[in-house]
Amino acid sequence: MAIEVKGVSKRFDDFAALDDVSLTVRDGSLTALLGPSGGGKSTLLRVIAGLEQPDSGVVCINGEDVTAQAAQDRGVGFVFQHYAAFKHMTVRDNVAFGLSIRKRPKDEIDARVDELLKLVHLDGLHKRFPSQLSGGQRQRMALARALAVQPRVLLLDEPFGALDANVRKELREWLRRLHEEVHVTTIFVTHDQEEALEVSEQIAVINGGRIEQAGTPDDLYDRPANEFVMGFVGPVARIGDQLVRPHDITILEDAEDGATEAIVERVIRVGFEVRVELALGAGEPLTAQLSRAEAEPLELHEGQIVHIRPDRVRQFA
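What comes next is a walk through the structure. Please read all numbers here as calculations on a predicted model, not as lab measurements.

1. Quick word on the sheet that holds strand S1 (residues 3-12)
Piece 1. The antiparallel open sheet is built from 4 strands, whose spatial order is S2-S1-S4-S5. Looking at the sheet topology across the chains shown, the edges are occupied by strand S2 (15-25) and strand S5 (64-65).

2. Here's the deal with the nonpolar core
Piece 1. With 41 residues, the main nonpolar core has Val95 and Leu154 as its most contacted residues.
Piece 2. If sequence neighbours within four positions are ignored, Val95 has contacts with Val113, Leu116, Leu117, Met141, Ala144, Arg145 and Ala148.
Piece 3. Ile3, Leu18, Leu45 and Val189 belong to the second largest nonpolar core, which has 24 residues in total.

3. Some words on the sheet that holds strand S18 (residues 313-314)
Piece 1. Reading across from one edge, S11-S12-S18 is the order of the 3 strands in this open sheet, with antiparallel pairing throughout. Both edges of this open sheet fall to strand S11 (237-239) and S18, since each of them pairs with a single strand only.
Piece 2. As judged from the 3 bridges shared by S11 and strand S12 (residues 242-244), these two strands associate in the antiparallel manner. Following the sheet pairing, Ile239 is matched in S12 by Gln242.

4. Concerning the pairing of strand S7 (residues 153-157)
Piece 1. Of all 5 residues in S7, 5 are buried, a share of seventy percent or more.
Piece 2. Residues Val153, Leu155 and Asp157 line one face of S7 and the alternating positions Leu154 and Leu156 line the opposite face, and both faces are buried.
Piece 3. As paired elements, strand S6 (residues 76-79) and S7 share 4 bridges and run parallel to each other. Its bridge partner being in S7, Val76 is matched across the sheet by Val153.

5. Here we look at helix H2 (residues 91-101)
Piece 1. The set of residues buried in H2 consists of Val91, Arg92, Asn94, Val95, Ala96, Gly98 and Leu99.
Piece 2. Contact partners of the buried residues in H2: helix H3 (106-119) and helix H4 (135-148).
Piece 3. Where H2 ends, the next residue or the one after it, Lys103, has phi of about 55°, a positive value.

6. Some points on unusual backbone geometry
Piece 1. Of note in the backbone geometry, Asp13 takes a positive phi value of approximately 55° without being a glycine.
Piece 2. With respect to the helices, strands and loops of the structure, Asp13 is situated in the loop between S1 and S2.
Piece 3. Although it is not a glycine, Glu299 sits at a positive phi angle of roughly 50°.
Piece 4. A residue is classified by how much of its surface remains accessible, and Glu299, at 63% relative accessible area, is exposed.

About the cut-offs
- Numbers given to residues run from 1 along each chain, matching the order in which its sequence is written.
- Owing to the predicted nature of the model, reporting of local features is limited to residues with pLDDT of at least 70; listing and counting of side-chain atom pairs is limited to 80 or more, with chain, interface and lining totals taken over all residues.
- Excluding hydrogens and water, the side-chain values take into account all heavy atoms of the structure.
- Two strands are counted as paired when DSSP detects at least two bridges linking them.
- Every helix listed is a DSSP run of H or I at least four residues long, and every strand listed is a run of E at least two residues long, numbered separately from the N terminus.
- For our purposes a nonpolar core is just a set of buried Ala, Val, Leu, Ile, Met, Phe, Trp, Tyr and Cys residues, chained together by side-chain atoms within 4.5 Å.
- Only protein chains enter the accessibility calculation, which uses a 1.4 Å probe; a residue whose area is less than 20% of its type maximum is buried, one above 50% is exposed, and one in between is partly exposed.
- By definition in these notes, contact holds between two residues if any of their heavy atoms fall within 4.5 Å.

Below, the structure is given as structure tokens:
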């Protein structure tokens, strides 16, 4: 189901959480709302879900104006950061809950729950209680419960924010595969740029209640609309009034036209990547990112004088 948000604004007292926001999410896509804390991401998600009423503007799902509709009538599945599991219920009963309160036939419930538990790889844990699951397993249970009622739209509010880095990475890959199987129009909120770039087909960068830019991950990374987007979507370094990605900086042993002198302050090896912390002539810090193959011939060490050449710079008005 396609989603269209048109000119939505929302204030809380004197604070403008959303300011004339418009966004289109195509049918069956996976869209990330990315931005800093307090930027308006979760408020926009809650407005789409019907958990908040906008002060102005329109929300449409599949071409239908749902702005005045109650949340339960919108056909939306919502997953929160902290699972909201029923602690006294088994995994199976948690997943079946939405179908049970809709008084669906028992054989239909059993078949749907079996299908979902297998889909989220919890079919062998159906008798356990939430306290007996890991954080990643509880989050997969929450997603299965949201999908049980076959929502038109799936909304995820920082779904992996409470998990450690390794589990988050595992679940990001799993969510992408799950989405390819179920094809539910999905929007998720995150402040993790890597998560947004890795999982989503579209990213909307939200800051100060406004959408700075919406587009594919490649659009935002390679063709940022402004300095804020470039700085928020991927790493960035500054040379004077120019911005450059750290991997677009070439380190040279000898001076050449267009190169700037710098001193190596620290060399950090992280797997295949080498991060070089530099100081420019006036002491301005700069970080370059090289592969090991690029770094090894340079034999970089602390205190070494080198020259840096930015190969792809951006300058915004």
